[in-house]
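Reading the structure
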Amino acid sequence: MTPQRTPKLDRAQVVDAALNLLNEAGLDGLTLRAIAARLDVKAPALYWHFKDKQALLDEMATEMLRRLTSRAGEGRADGDWRQGYLATMRALRAELLRYRDGAKVYSGARFTDTGYAAGLDASLRLLVEAGFTPAAAARAWQTAYSYTIGYVIEEQAMGPNPFDGGEGYDVDARAERLAAHPLAAESGRVMFQDFDEGFEQGLAAVLAGVEATLLR
């Protein structure tokens, strides 16, 4: 049966409701039925706009990117590829952290428009002008991009949860369980605490590695 269009409902409303629900219930609680209830419509009405949940997740990720792009330029350093590289990834992390499970939603998404292309082109051009080949620039950007998304996935899974007040991974209990393996036990205090510092240290290592191996 063809879904019936609901005149009062549009894609932007659905996505906004979905992002709000994401912050309240997390990705596991994000269902089309729950979104429909929030919008006071029947679940089949959503299929007029999105053929399935993955299509909705793709649009949610695209909206995250639109909001990030609207804040583009904050903290950027024109002409300095290193500062531009770092600023872009810091901005991406900050945007993902605005949403509960934001990095999981964003990871692997297929963007629904080409609004990202201008910013990506500018970031790659900055690298090429600094001496990277186009292929090396693409690899350098992808490496930091993948690091940032992966880091935030772990951060949101293991760190304090600002959306529900969760305290995060109990590193003391972990250390007790691993007492027979002292280095592994103490590593938790580095890996599962001070996520801001950890991100910056890792990002600096990525930058140094990219410069050493890809910039000829």
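Heads up: the structure comes first, above all this text.
Throughout what follows, the structure given in this document is the object of discussion. Predicted model, so just to flag it, every value in this text is computed and none were measured.

A closer look at the environment of Leu27
Positionally, Leu27 belongs in the loop between helix H1 (11-25) and helix H2 (32-39). Note: C-alpha distance between Leu27 and Thr148 (121 residues apart in sequence) is 19 Å. Among residues more than four places away in sequence, those in contact with Leu27 are Leu22, Lys53, Leu57, Asp101, Lys104 and Val105.

With respect to the packing of aromatic side chains
For the structure shown, the criterion picks out eleven aromatic pairs. Plain terms: the ring middles of Phe111 and Tyr116 are 5.3 Å apart, the flat faces sit at 45 degrees to each other, and that makes the pair tilted. Judged by relative accessible area, Phe111 falls into the partly exposed class, the value being 24%. Three or more aromatic residues joined by ring pairs make a cluster, and in this case those are Tyr106, Phe111, Tyr116, Trp141 and Tyr145.

Some points on the packing of helix H3 (residues 53-70) against helix H4 (residues 81-96)
The N-to-C vectors of H3 and H4 enclose an angle of 130 degrees; their axes lie 10 Å apart at closest approach. Here H3 is positioned oblique relative to H4, judged by the angle of their axes. Judged by the twist between their axes, the crossing of H3 over H4 is right-handed. Across from Met64, Arg67 and Leu68 in H3, the residues of H4 making contact are Ala91, Leu92, Glu95 and Leu96. Each residue belonging to the contact of H3 with H4 can be placed in one class, and the counts come to five nonpolar, no polar and two charged.

Some words on the packing of helix H7 (residues 134-158) against helix H10 (residues 195-214)
Between H7 and H10, the least distance of the axes is 10 Å, while the angle of their chain directions is 160 degrees. In terms of their interaxial angle, H7 and H10 are classed as roughly antiparallel. Between H7 and H10 the crossing geometry is right-handed. When H7 is examined against H10, the residues Ala136, Arg139, Ala140, Thr143, Ala144, Tyr147, Thr148, Tyr151, Glu155 and Met158 are found in contact with a partner set consisting of Phe195, Gly198, Phe199, Gly202, Leu203, Val206, Val210 and Leu214. Of the residues belonging to the contact of H7 with H10, the class tally is twelve nonpolar, four polar and two charged.

Criteria and cut-off values
Residues numbered from 1 in each chain as written. Predicted model: local features only at pLDDT ≥ 70, side-chain atom pairs only at ≥ 80, totals over all residues. Heavy atoms only, no water. Helix = DSSP H or I, 4+ residues; strand = E, 2+ residues; numbered from the N terminus. Contact = heavy atoms within 4.5 Å. Phe/Tyr/Trp six-rings, centres within 6.5 Å; stacked < 30°, edge-to-face > 60°. Buried < 20%, exposed > 50% of the residue type's maximum accessible area, 1.4 Å probe, protein only. Axes fitted to C-alpha atoms, helices over the stretch in contact; angles between N-to-C directions. Parallel < 35°, antiparallel > 145°, perpendicular 65-115°, else oblique. Left-handed = near helix turned anticlockwise from the far one by under 90°. Nonpolar A, V, L, I, M, F, W, Y, C, P; charged D, E, K, R; others polar.

Purely spatial values, then, with no claim about function.
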